[in-house]
Amino acid sequence: MSILRALGPVVARPSSVEAIRAGFGALLGLGLVGQFLLSPTVDLAAGLYLVAPLGATSVLLFAVPNSPLAQPWSAIVGNTVAALVAVSVCMVVGDPVARIALSVGLAIAATIACRAIHPPAGAVAMTAAMSPEALDHLGYWFALAPIATGTIALVLIAAAYARITGRRYPFRQFEAPSTGEPRDPEPAERLGLSERELTGILERYRQSFNLGVRDLARLIGAAEAQAATHHTGPLTAADIMSTNLTTVGLETPLGEVADLFKRHRFTSLPVIDPDSRYLGVIFQLHLISRARDDALRLDRGFAPALRRLIDRARGTPVLAGDIMSVTVPRAVATTPLSVLMTMMGDRDVDAVPVLEYGRLIGIVTRTDLIAAMARSIARTPSG
C-alpha cells in the first residue's frame, strides 16, 4: 500500500477556480501570441512562428506563477540560452541522436550556470536539435525569434493576467524598503531571518529550484502562527475586538481629533464614511509626527509645536483625511488571533480594523491582544 500511495498525486487538491484561472490564462496567452506575434504555421523566413516549448512555458507561467522556475529571468534567459546552445551543437554535430542528447544535456548545464533553470528550456534545445532544416535557414536567429520573442511576450501577458486575477507575478524578488506610509512587514522581516540565511536553508536541503526565498519565509511564518494557536486556543478577531467604537469622518477637524485622543487616551481612531464604510485610521503617532516635523522645521520645542498644530487645525481646514493612513492591515471577524499577532509585528501598527463587507464592525488594539493572551495563559494548566 505504501508503494501505491507513493505513486499517487503529491500536489494538494487545487480549487476549480484556480484550475479555470490557469487554463484560461494559457489560452489567452498563447491565443494573443499566436494571433498577433507568432504564426501557428512554420515561417522559416522570419522565424516568427509558434513552437511547442512555449506551451510548456505557459504551464509554468499561468499554473504555478510563484515557482522560481517560472520567473521572468528563468523563463526568458533559460529558453534563450538553451536555444543558443542547441544551435551551436547542431553546427558541429551531425549524428541526430548525439545532436539531441548533447543539446539537451549542455542546455541543462548552461541554464543552471546562469541561474535560469526552466524545464521547457530542455524542450527548446530538443526542438532545435530535431529541426536541422529550420536551423539551416535561421541559425542563431532561432534563439531570438521565435524563442526569446515568444517567451518575452508570454511573460508580459502572464504578468498582466496575474495582476488582473489577483495574483502576484513576478514574485521572487525582495522589495526595497518603503520610505512612505507604514506597510505590512515582509515575511522575512517578521521572522528576523535574512535573505542569505533563508537561501542557505534552501541550499542545505537542495530545494533552491523548488521553492523561492519568500515562499520559504511565508511557510515558516505560517507554521509559527499555527503553532501559536496551540497556546492561545482558537480565538478570532470577533472574540477580542472592541465594538464600542469612537470614529471620525474624513472632514473632522484635526483639533477635534486631538481632543478625542486626549479625552479618551486612544492610540488610534478609525475614519469612516456616513455609511460606516472604513476609509482609514489615524494613529496618535501621526499627530506626534506632524508636530515633530513642525518643531524641526521651525527649530522650536516639541510641545509648543503640538499646541500650534492643534490651534492651527481649529482655525484652518486641516482635516482627518489629510493625515489618516490607508495602508494598515485589515481583518475580518474570523481572522485567527495568531494572524492578528503577525499583523501587529510591524512597530507602526497599534490597531487592526475588523471589517464586514467593507464596513467597520470592530477594532483590535495591542491592548486587546495582550489581554487575550494573558487570559489564555491564565487558563493553561501548569505542568
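Structure first, text after, so check above.
Attention here is on the structure that accompanies the text.

**A closer look at the nonpolar core**
Step number 1: In terms of nonpolar packing, the biggest core is built from 37 residues, with Leu61 and Phe142 touching the most fellow members.
Step number 2: Contributions of two or more residues to this core are made by α3 (53–63), α4 (72–92), α6 (120–129), α7 (132–138) and α8 (141–164).
Step number 3: At ten residues, the largest contribution of residues to this core is made by α8.
Step number 4: What phenylalanine 142 contacts, discounting residues up to four positions off in sequence, is Tyr49, Ala83, Val87, Ala128, Leu135 and Ile147.
Step number 5: Formed by 24 residues, the second largest nonpolar core is a distinct cluster that contains Leu235, Ile240, Val281 and Phe283.

**Points about the packing of aromatic side chains**
Step number 1: In the structure shown here, the tally under the stated rule is two aromatic pairs.
Step number 2: When the ring of phenylalanine 24 is compared with that of tyrosine 161, the centres are 6.4 Å apart and the planes differ by 40 degrees; the resulting orientation is tilted. Taken together, the positions of phenylalanine 24 in helix α2 (residues 16–36) and tyrosine 161 in helix α8 put the pair 137 residues apart, joining distant regions of the chain.
Step number 3: A ring pair is formed by phenylalanine 62 and tyrosine 161, whose centres lie 5.9 Å apart and whose planes are at 70 degrees; its orientation type is edge-to-face. One end of the pair, phenylalanine 62, is in helix α3; the other, tyrosine 161, is in helix α8, with 99 residues separating them in the sequence. Like phenylalanine 62, the residue tyrosine 161 is buried in the burial classification.
Step number 4: Here a set of aromatic residues connected by ring pairs shows up, and it is made of Phe24, Phe62 and Tyr161.

**Considerations on helix α13 (residues 254–264)**
Step number 1: Taken together, the buried positions of α13 are occupied by Leu254, Gly255, Val257, Ala258, Leu260 and Phe261.
Step number 2: Two residues or fewer past α13, arginine 265 is found with a positive phi of approximately 55 degrees.

**Digging into the packing of α2 against α3**
Step number 1: Close contact between α2 and α3 brings their axes to 9 Å; oriented N to C, the two are set at 135 degrees. Here α3 runs oblique to α2, going by the angle between their axes. Considering only the axes of α2 and α3, their crossing is right-handed. Judged by residue contacts, Glu18, Arg21, Ala22, Gly25, Ala26, Gly29 and Leu30 of α2 engage Leu54, Gly55, Ser58, Phe62 and Ala63 from α3.
Step number 2: For the contact of α2 with α3, the class distribution of residues is six nonpolar, four polar and two charged.

**Overview of the environment of methionine 91**
Step number 1: Residue placement: methionine 91 occurs in helix α4.
Step number 2: Linking methionine 91 and proline 132, residues 41 residues apart in sequence, is a C-alpha distance of 9.3 Å.

**Some words on the pattern of salt bridges**
Step number 1: With the rule as written, the count across this model stands at two salt bridges.
Step number 2: The shortest N-O distance in the salt bridge between arginine 21 and glutamate 18 comes to 3.2 Å. With arginine 21 and glutamate 18 both in helix α2, this residue pair falls three residues apart, about one helical turn.
Step number 3: Relative accessible area serves as the criterion here: at 10%, arginine 21 is assigned to the buried category.
Step number 4: The class of glutamate 18 is partly exposed, set by a relative accessible area of 21%.
Step number 5: Where glutamate 18 meets arginine 167, a salt bridge forms, and the shortest distance between an N and an O atom there is 2.8 Å.

Procedures and definitions
Residues numbered from 1 in each chain as written. Predicted model: local features only at pLDDT ≥ 70, side-chain atom pairs only at ≥ 80, totals over all residues. Heavy atoms only, no water. Core = buried A, V, L, I, M, F, W, Y, C linked by side-chain atoms within 4.5 Å. Buried < 20%, exposed > 50% of the residue type's maximum accessible area, 1.4 Å probe, protein only. Helix = DSSP H or I, 4+ residues; strand = E, 2+ residues; numbered from the N terminus. Contact = heavy atoms within 4.5 Å. Phe/Tyr/Trp six-rings, centres within 6.5 Å; stacked < 30°, edge-to-face > 60°. Axes fitted to C-alpha atoms, helices over the stretch in contact; angles between N-to-C directions. Parallel < 35°, antiparallel > 145°, perpendicular 65-115°, else oblique. Left-handed = near helix turned anticlockwise from the far one by under 90°. Nonpolar A, V, L, I, M, F, W, Y, C, P; charged D, E, K, R; others polar. Salt bridge = Lys/Arg side-chain N within 4 Å of Asp/Glu carboxyl O.

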